[in-house]
Amino acid sequence: MRPWAEFLAARGLTVSVPLLPGHGTRWQDMQLTTWRDWYAEVDRALSELLERCATVFVFGLSMGGALALRLAAKHGDAVKGVVLVNPGNKVHGLAAYALPVVRHLVPSTKGIASDIAKEGVTEIGYDRVPLHSAHSLRHFFRTVDAELPQVTQPVVLLHSPQDHVVPPADSARILSRISSTDVKEILLEQSYHVATLDHDAERIFDESLAFVERLAPGLVDEQGSRSGG
């Protein structure tokens, strides 16, 4: 997320990139957290932005896309628009149905980081996925799926046809259930799951900035310096 955030900040926008509980340390720490902890952190970050800024957008990648959608569903007009990159909507496969039992027997499974087509690029992420957290994520996706009709804000959804972590079906499901009428879908043909670090990164950055400028004109001037908001 950092390159995306730095791109927007360099053009004068106020940016918050909250570190989710259990992330950025070791996978054993994530094992102690649930989706409620993750959502509480992004909700707190949004509240801080709303105190500082007149206009706020939420952006998210993968599970972060689901977090962004819940913020939009819960906060209504306080969120001006939503940008999603390969958003998750469901834990797929037969293993998902075994999670309620297996998580008590096996602490973790192989990690999912660095699904990137671009050579020489590595995502910083855990090499293991804690199964208690995966079980919680499954519940979270179900919760968000039920709330999708409450999402009415303009949405840009960018997704990769070749994604080895989140299938295109998740994006299709999200687009079919949100109530937004201002929706733009963009295919990221050259990238895998972590598209913000992949070949299509610049397109993601440019499309998200254009989205902000269209819905909140005047926030960024031609030189990319801050003009308010």
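Residues numbered from 1 in each chain as written. Predicted model: local features only at pLDDT ≥ 70, side-chain atom pairs only at ≥ 80, totals over all residues. Heavy atoms only, no water.

The name given to the protein in an unreviewed UniProt entry is Putative esterase or lipase, with Streptomyces venezuelae as the source organism.

Novice: How would you sum up a nonpolar patch on the surface? Please name residues and give values.
Specialist: Together, M1, V15 and V17 give the surface a local cluster of nonpolar side chains, amounting to about 220 Å² of exposed area. Within the secondary structure layout, M1 lies in the segment before α1 (2-10). Exposure remark for M1: the relative accessible area of 36% places this residue in the partly exposed category. (Patch = residues over 30% accessible without salt bridge, like charges linked within 9 Å, V, L, I, M, F, W, Y side chains within 5 Å. Areas by Shrake-Rupley, 256 points an atom, 1.4 Å probe, with all protein chains shown as cover. Salt bridge = Lys/Arg side-chain N within 4 Å of Asp/Glu carboxyl O. Helix = DSSP H or I, 4+ residues; strand = E, 2+ residues; numbered from the N terminus. Buried < 20%, exposed > 50% of the residue type's maximum accessible area, 1.4 Å probe, protein only.)

Novice: Before we move on, could you go through the environment of L20 and cite the residues and values that matter?
Specialist: Along the chain, L20 turns up in the loop between α1 and α2 (27-30). Taking the C-alpha atoms as reference points, L20 and W35, separated by 15 residues in sequence, lie 9.7 Å from one another. Discounting residues that sit within four places of it in the chain, L20 has contacts with W38, E41, V42, M63 and L67. (Contact = heavy atoms within 4.5 Å.)

Novice: Give a description of the sheet that holds strand β1 (residues 57-61) that names residues and reports values.
Specialist: Taken in spatial order, the four strands make up an open sheet running β1-β2-β5-β6, and their pairing is parallel. Strand pairing shows two members of the sheet lacking a second neighbour, β1 and β6 (183-187), which therefore form its edges. Taking the axes of each pair of neighbouring strands and ignoring which way they run, one obtains an average angle of 10° across the sheet. Bridge analysis of strand β2 (residues 81-85) against strand β5 (residues 155-159) gives four bridges, and the strand direction is parallel. Residue pairing across strands places V82 opposite V155, the latter belonging to β5. Together, β1 and β2 form the strand contacts of helix α4 (residues 63-75), whose direction differs from that of β1 by roughly 155°. (Pairing = 2+ DSSP bridges. Axes fitted to C-alpha atoms, helices over the stretch in contact; angles between N-to-C directions.)

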